[in-house]
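Chain by chain, the residues run as shown.
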Amino acid sequence: MARILRMGMVGGGPGAFIGEVHRKAARMDGQIEIVAGVFSTDPEKSRATGRALGLAPDRVYTSYEQMAEQEAKLPADQRIDFVAVTTPNSSHFPIAKTFLEAGFHVMCEKPMTLTVAEAEELEKVVRNSGKVFGLMHNYTGYPMVKLARDLIRSGELGPIRKVVAIYPQGWLAQPIESESKQAAWRTDPRLAGAGCLGDIASHAENLAEYITGLKISELSADLTTFVPGRRLDDDVNCLLRFENGARGVLHASQISVGEENGLAIWVYGEKGGLEWHQEDPNHLRVTSLDGPEKQYFRGNPYVAAKSPAAARGTRTPSGHPEAFIEAFANTYVNFADTIRALEEGRAPSELENDFPKASDGVRGMKFIAAVVRNAAGQDKWTRL
């Protein structure tokens, strides 16, 4: 039986959204338990969250520095194996660096850091530490996203020509920063760095590169803030060029009234195309030049035959929807199995090692920086 890994968390206190998603997802498959954390900069709020989670009081800390130091002093069979970093963007770098250098594995929310320089330094810290680092681009955890990637890998679509990735939301169409904690930090330049661009356009960029296996080489961008008084962007539009010559369009918006969480992608090759929607995640549409349209439905044997990765990420039979939290959980399962592989002195399998890493975080930060630079300058195209 696989050893249950011990998880610590920084962030995810009262009023937080993503921290609780991480906790639910990490515990879903019975492979991980949360045993320690510092959940807020307010010690009482942190203690309250610890009590709600049933943690021992002496494992609820007042700072991440204290947590890293004290956990490292515990016996190996008691201390945390890894920490999940679920704080606002500005603190990802110092927290992740502290725990890596203290000898712990790290799972970090995206974007990985606040700047490209921080991202590149953190990638070096990861490499030097020998520890496992995961970046929570959760949408790569969906089984049908993995099927889409594997169909492209197998050559079913032929060489890729065109990629369209969109991520429209409408929740920031009004200035709600004063009444919403989630809106407040996401539109604060000190905490977020970039607005819609860092929050959701980075997901579209990561999804496009993950599914196609291609890197964006150049982009031309329009970055807009529509809501008066808002300090960061709330709408992003990009033309993309990929390393193989393919062209792309990326659109992300948080002022698209009526849209909820409309991440979607279309990929077109010389022989076929595919289409996936996050709000209908259990289906994948595939087209071809020489045959009828196909609809793949998650959980069926024909999906497993095409993509062992999709099968690995499937828990329930077809017709029983799996979605957002399960995608997080799939990322945690692969992350945990890679940690176990390291403990066993073996290289993780390709399936185990299938989760976003520090290199993806560097790509994401270069994408964000290139969009900002291009939108503010006079160059038609900016290289990543």
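For the structure, check the block above.
This text gives an overview of the structure that appears in the document. This one's a predicted model, so the numbers in the text were calculated from it and none came from an experiment. (Residues numbered from 1 in each chain as written. Predicted model: local features only at pLDDT ≥ 70, side-chain atom pairs only at ≥ 80, totals over all residues. Heavy atoms only, no water.)

## Details of the overall build of the protein
Working step 1: Tallying secondary structure elements over the protein gives 13 helices and 14 strands in all.
Working step 2: In terms of overall size, the protein behaves like a compact globule, its C-alpha atoms giving a radius of gyration of 21 Å where 384 residues would be expected to give roughly 21 Å.
Working step 3: Dimensions of the protein, computed from C-alpha atoms along their principal axes, come out at roughly 65 × 55 × 40 Å.
Working step 4: The proportion of buried residues among the 384 residues of the protein is 54%.
Working step 5: For the protein, the accessible surface area stands at approximately 16,000 Å², while carbon and sulfur atoms represent 52% of it. (Helix = DSSP H or I, 4+ residues; strand = E, 2+ residues; numbered from the N terminus. Rg over C-alpha atoms; globule rule 2.2 N^0.38 Å. Buried < 20%, exposed > 50% of the residue type's maximum accessible area, 1.4 Å probe, protein only. Areas by Shrake-Rupley, 256 points an atom, 1.4 Å probe, with all protein chains shown as cover.)

## Looking at the sheet that holds strand S11 (residues 272–277)
Working step 1: Ordered by their spatial adjacency, nine strands build an open sheet running S13-S12-S11-S10-S6-S9-S8-S7-S14, and the pairing between neighbours is mixed. The sheet is open, and its two borders are formed by strand S13 (291–297) and strand S14 (382–383), each paired with just one other strand.
Working step 2: Relative to S13, strand S12 (residues 280–288) is paired through five bridges, and the arrangement is antiparallel. Bridging from a neighbouring strand, Arg285 pairs with Gln295 of S13.
Working step 3: The strands touched by helix H9 (residues 196–212) are strand S6 (160–168), strand S7 (216–224), strand S8 (235–242), strand S9 (247–253), strand S10 (264–269) and S11; relative to S9, the strand with the most contacts, the crossing angle is about 150°.
Working step 4: Across the face of the sheet, helix H13 (residues 358–376) comes into contact with S7, S8, S9 and S14 while running at roughly 55° to S7. (Pairing = 2+ DSSP bridges. Contact = heavy atoms within 4.5 Å. Axes fitted to C-alpha atoms, helices over the stretch in contact; angles between N-to-C directions.)

## Details of the packing of aromatic side chains
Working step 1: Applying the stated criterion across every chain, the model contains twelve aromatic pairs.
Working step 2: Arranged with centres 6.5 Å apart and planes meeting at 85°, the rings of Tyr332 and Phe335 form a pair that is edge-to-face. Here Tyr332 and its partner Phe335 are both found in helix H12 (residues 324–343), three residues apart, which amounts to about one turn of the helix.
Working step 3: Looking at Tyr332, the relative accessible area reads 1%, which means it is buried. (Phe/Tyr/Trp six-rings, centres within 6.5 Å; stacked < 30°, edge-to-face > 60°.)

## Here we look at the side chain of Arg363
Working step 1: Here Arg363 is to be found in helix H13.
Working step 2: Ignoring any residue separated from it by four or fewer positions in sequence, one finds Arg363 in contact with Glu205, Glu209, Lys215, Ile216 and Leu384.

## Digging into the sheet that holds strand S3 (residues 82–86)
Sheet strands line up and pair through hydrogen bonds in the backbone, either parallel or antiparallel.
Working step 1: Read across the open sheet, the five strands follow the order S2-S1-S3-S4-S5; overall the sheet is parallel. Strand pairing shows two members of the sheet lacking a second neighbour, strand S2 (32–38) and strand S5 (133–136), which therefore form its edges. Sheet twist, expressed as the average angle between the axes of neighbouring strands with direction ignored, equals 25°.
Working step 2: The strands that helix H1 (residues 18–27) touches are strand S1 (5–11), S2, S3, strand S4 (105–109) and S5; relative to S1, the one it contacts most, it runs at about 175°.

## Comments concerning the environment of Ala173
Working step 1: Here Ala173 is to be found in the loop between S6 and helix H7 (181–186).
Working step 2: Linking Ala173 and Ser253, residues 80 residues apart in sequence, is a C-alpha distance of 9.4 Å.
Working step 3: Once residues within four sequence positions are removed from consideration, Ala173 is found in contact with Val227, Gln254, Ile255 and Val257.

Geometric values such as these leave the question of function open.
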